[in-house]
Amino acid sequence: MSRKMIVFVLSIVILASSHLATAQQPKKVPRIGFLSGFSSSSDRKRVEAFREGLRELGYVEGQNVFVEYRYAGGKADEYPKLAAELVSFKVDLIVVGGGTGLARAAKETTKTIPIVMTGGSDPVGAGLVASLARPGGNITGLTAIAAELAGKRLELLKETLPKLTRVGVLWNPTDQGSAQGLKEIEIAAPTLGLEIQSLQVRSPNNFESAFKAALAGQARALQVLGSGLITSHRNRIVEFATKNRLPTMFVDAAHVEAGGLMSYGPNAPDLYRRAATYVDKILKGAKPADLPVEQPTKFELVINLKTAKQIGLTIPPNVLARADRVIK
C-alpha cells in the first residue's frame, strides 16, 4: 500500500471516529426552574396548563426537558431563597408563576438567566422591563394587568348589589400589584357611591383579625385582591365569606371554583400555557430582551350560583347574562 493510500485510510478512520464520538455524546437536556409564589395545591391547575403548553410544543418532562419546582406558599420572604436555589441548579431559564414581587426577586437574583413571567401588573412601572415592546434585560413573558382591572371589578360588584354602600378590600401591602389594585379601587369608589374599608394581611396570622375588622366595620361585600399569600389561603377567605353571607369578588376563576361568588379577569391557566411558547423560543436561542411582553387576550366573568344561593343572593339578570361561565 502506498504512503498516500495509508494517509488517506488513516484520515478516513480518524474522521469516522470523530463522528462516532460526537454521535455518542448525549444531547444536553434543558432544565427549567419554576418559581411559584403560591402553594402547590393552589397553583395546581395553572401549572398543569404550563405543562400542557410544553407538551403541545414537543417537550415531555423527564425526557427532553427537566423542571425544578419551588413553591413559596405566599411567603414573600421565601422568594429570594427559592430563586437562589434555582440559580444554583444552573437552570437554563426561570418561569415565574406569581406577581410582580416574585419576578423582581428572581431578577435581583440573576442578571443572566432568562426569566419568563406568567402574570403580574405593570412590569414597566415596576422597573422589570424597559418597555413591553422591547423588554431590554433578561426578563420577558406575560402581564396579567390584574390591578388595572380592580375598578372594573368594583363596578361589577355594585351592579350585582345595587344597594351596596360599604366594601371591605382584602389586600397584601407587601405585594406591589395588590397595593396598586387598592389605589384603583379608591379612585373608582366615590363615583359608585361606595365606602372602602381597607383590610390588610401581611402574613397568615393576619387573616382572623382582618375578618373580625370586616364584621365590626359592617362591610356588606368583600373584594379580594391577588397576591401569593391571599391565593394560598383562598379557602379560608371563602369559608369566612360564606359563613357570614358576604358576597365576594376575586381576581380569577380559581377562587370562584373554590366557592367564591364572582371573579373577573384574565384566564390565568391561559397565561401559563402561553408562557410555554416563551420557553420554547428562548431554548431555541431567542433573547428575552427581544421578546415583547404580551398582555392577556382572554378575560372572563365567572359567577358561582351555588354560592349565591348559599348566601341568599339573587344575581341580577343583566349581570348573569354577561357571565362567560356560570358554576351551578
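Owing to the predicted nature of the structure, the values given are computational and were not obtained by experimental measurement.

Remarks on the pattern of salt bridges
Where charged atoms from two side chains of opposite charge come close, those side chains can pair.
Link 1 in the chain: Using the criterion set out here, one finds 21 salt bridges in the structure.
Link 2 in the chain: K28 is paired through a salt bridge with D92; the nearest N and O atoms lie 3.0 Å apart. Separated by 64 residues along the polypeptide, K28 in the loop between helix 1 (3-24) and strand 1 (31-36) and D92 in the loop between helix 3 (79-88) and strand 3 (93-97) bring together distant segments of the chain.
Link 3 in the chain: On the accessibility criterion, K28 (58% relative accessible area) is exposed.
Link 4 in the chain: Relative accessible area serves as the criterion here: at 27%, D92 is assigned to the partly exposed category.
Link 5 in the chain: Among the salt bridges present, the one from R134 reaches D290, with a minimum N-O distance of 3.2 Å.

Side note on helix 3
In an α-helix there are 3.6 residues to a turn, and that puts residues three or four apart on one side.
Link 1 in the chain: What helix 3 keeps buried is the set Y79, L82, A83 and L86. Take helix 3 and look down its axis: the buried residues cluster within an arc of 100°, on one side only.
Link 2 in the chain: The inward-facing, buried residues of helix 3 abut strand 1, strand 2 (66-71), strand 3, helix 4 (100-109) and helix 8 (228-232).

Details of the sheet that holds strand 10 (residues 262-266)
Link 1 in the chain: With respect to topology, 7 strands assemble into an open sheet ordered 7-6-8-9-10-11-12, the strand pairing being mixed. Two strands close off the open sheet at either side, each with one partner strand: strand 7 (195-200) and strand 12 (325-327). Within this sheet the neighbouring strands show an average axis-to-axis angle of 20°, counted without direction.
Link 2 in the chain: With 6 bridges joining them, strand 6 (residues 166-171) and strand 7 adopt parallel strand pairing. Across the sheet, R166 pairs through a bridge with E195, a residue of strand 7.

Some words on the packing of aromatic side chains
Link 1 in the chain: Under the criterion given, the structure shown has 6 aromatic pairs.
Link 2 in the chain: Judged by centre distance (6.2 Å) and plane angle (40°), the rings of F34 and Y272 are tilted. Within this pair, whereas F34 is found in strand 1, its partner Y272 is found in helix 11 (residues 268-283), the two being separated by 238 residues in sequence. We note that F34, like Y272, is buried.
Link 3 in the chain: Taking 4.1 Å as the distance between ring centres and 5° as the angle between the ring planes, the aromatic pair formed by F211 and F240 counts as stacked. With F211 in helix 7 (residues 207-216) and F240 in helix 9 (residues 234-243), this residue pair connects regions lying 29 residues apart in the sequence. No difference in accessibility class separates F211 from F240, as the two residues are buried.
Link 4 in the chain: Just above the ring of F38 sits the side chain of R46; from NZ or CZ to the centre is 4.4 Å.

A short note on the packing of helix 5 (residues 150-160) against helix 6 (residues 176-188)
Link 1 in the chain: At a closest axis distance of 7 Å, the pairing of helix 5 and helix 6 adopts a crossing angle of 50°. Overall, the two elements helix 5 and helix 6 adopt an arrangement that is oblique. Viewed along their axes, helix 5 and helix 6 form a crossing whose handedness is right-handed. The segment helix 5 lies against helix 6, with A150, G151 and L154 engaging G181, E184, I185 and A188.
Link 2 in the chain: Looking at the contact of helix 5 with helix 6 residue by residue, the classes come out as 4 nonpolar, 2 polar and 1 charged.

What to know about the confidence of the model for the chain
Segments scoring low in pLDDT should not have their predicted coordinates read at a detailed level.
Link 1 in the chain: Per-residue pLDDT for the chain averages 90, and the proportion of residues at 70 or more is 92%.
Link 2 in the chain: The low-confidence segment residues 6-10, where pLDDT is below 50, has 2 contacts with residues more than four positions distant or belonging to other chains.
Link 3 in the chain: Per-residue pLDDT stays below 50 along residues 20-24; that stretch engages in 0 contacts with residues further than four places along the chain or on separate chains.

Details of the side chain of R234
Link 1 in the chain: Mapped onto the elements of the fold, R234 is located in helix 9.
Link 2 in the chain: Despite being buried, R234 has no salt bridge partner; D252 is the closest side chain of opposite charge, sitting 5.2 Å away.
Link 3 in the chain: When near neighbours in sequence (up to four residues on either side) are disregarded, R234 contacts S41, S42, R46, A254, H255 and A258.

Remarks on the environment of D43
Link 1 in the chain: Structurally, the position occupied by D43 is in the loop between strand 1 and helix 2 (44-56).
Link 2 in the chain: Using a relative accessible area of 0% as the deciding quantity, one classes D43 as buried.
Link 3 in the chain: Between the C-alpha atom of D43 and that of A254, which follows or precedes it by 211 residues, the distance is 9.2 Å.
Link 4 in the chain: For D43, the contacting residues outside a window of four places in its chain are F34, S36, F38, Y71, G97 and Y272.
Link 5 in the chain: Looking at D43, its side chain comes within polar contact range of the side chain of R46, at 3.1 Å.

Considering the sheet that holds strand 4 (residues 115-117)
Link 1 in the chain: Taken in spatial order, the 5 strands of this open sheet run 2-1-3-4-5, and their pairing is parallel. Two strands bound the open sheet, and with one partner strand each, they are strand 2 and strand 5 (139-141). Between one strand axis and the next, the sheet turns through 25° on average, direction left out of account.
Link 2 in the chain: Both strand 1 and strand 3 contribute to a ladder of 5 bridges, which runs parallel. Bridge pairing in strand 3 places I32 opposite L93.
Link 3 in the chain: In the packing of helix 4 onto the sheet, the strands contacted are strand 1, strand 3, strand 4 and strand 5, and the crossing angle to strand 3 comes to about 160°.

Conventions used here
- Residues numbered from 1 in each chain as written.
- Predicted model: local features only at pLDDT ≥ 70, side-chain atom pairs only at ≥ 80, totals over all residues.
- Heavy atoms only, no water.
- Salt bridge = Lys/Arg side-chain N within 4 Å of Asp/Glu carboxyl O.
- Helix = DSSP H or I, 4+ residues; strand = E, 2+ residues; numbered from the N terminus.
- Buried < 20%, exposed > 50% of the residue type's maximum accessible area, 1.4 Å probe, protein only.
- Arc of directions from axis to C-beta.
- Contact = heavy atoms within 4.5 Å.
- Pairing = 2+ DSSP bridges.
- Axes fitted to C-alpha atoms, helices over the stretch in contact; angles between N-to-C directions.
- Phe/Tyr/Trp six-rings, centres within 6.5 Å; stacked < 30°, edge-to-face > 60°.
- Lys NZ or Arg CZ within 6 Å of the ring centre and 35° of its normal.
- Parallel < 35°, antiparallel > 145°, perpendicular 65-115°, else oblique.
- Left-handed = near helix turned anticlockwise from the far one by under 90°.
- Nonpolar A, V, L, I, M, F, W, Y, C, P; charged D, E, K, R; others polar.
- pLDDT = per-residue confidence, 0-100.
- Lys, Arg positive; Asp, Glu negative; His and termini not counted.
- Polar contact = N/O pair within 3.5 Å; in protein donor to acceptor, adjacent residues only side chain to side chain.

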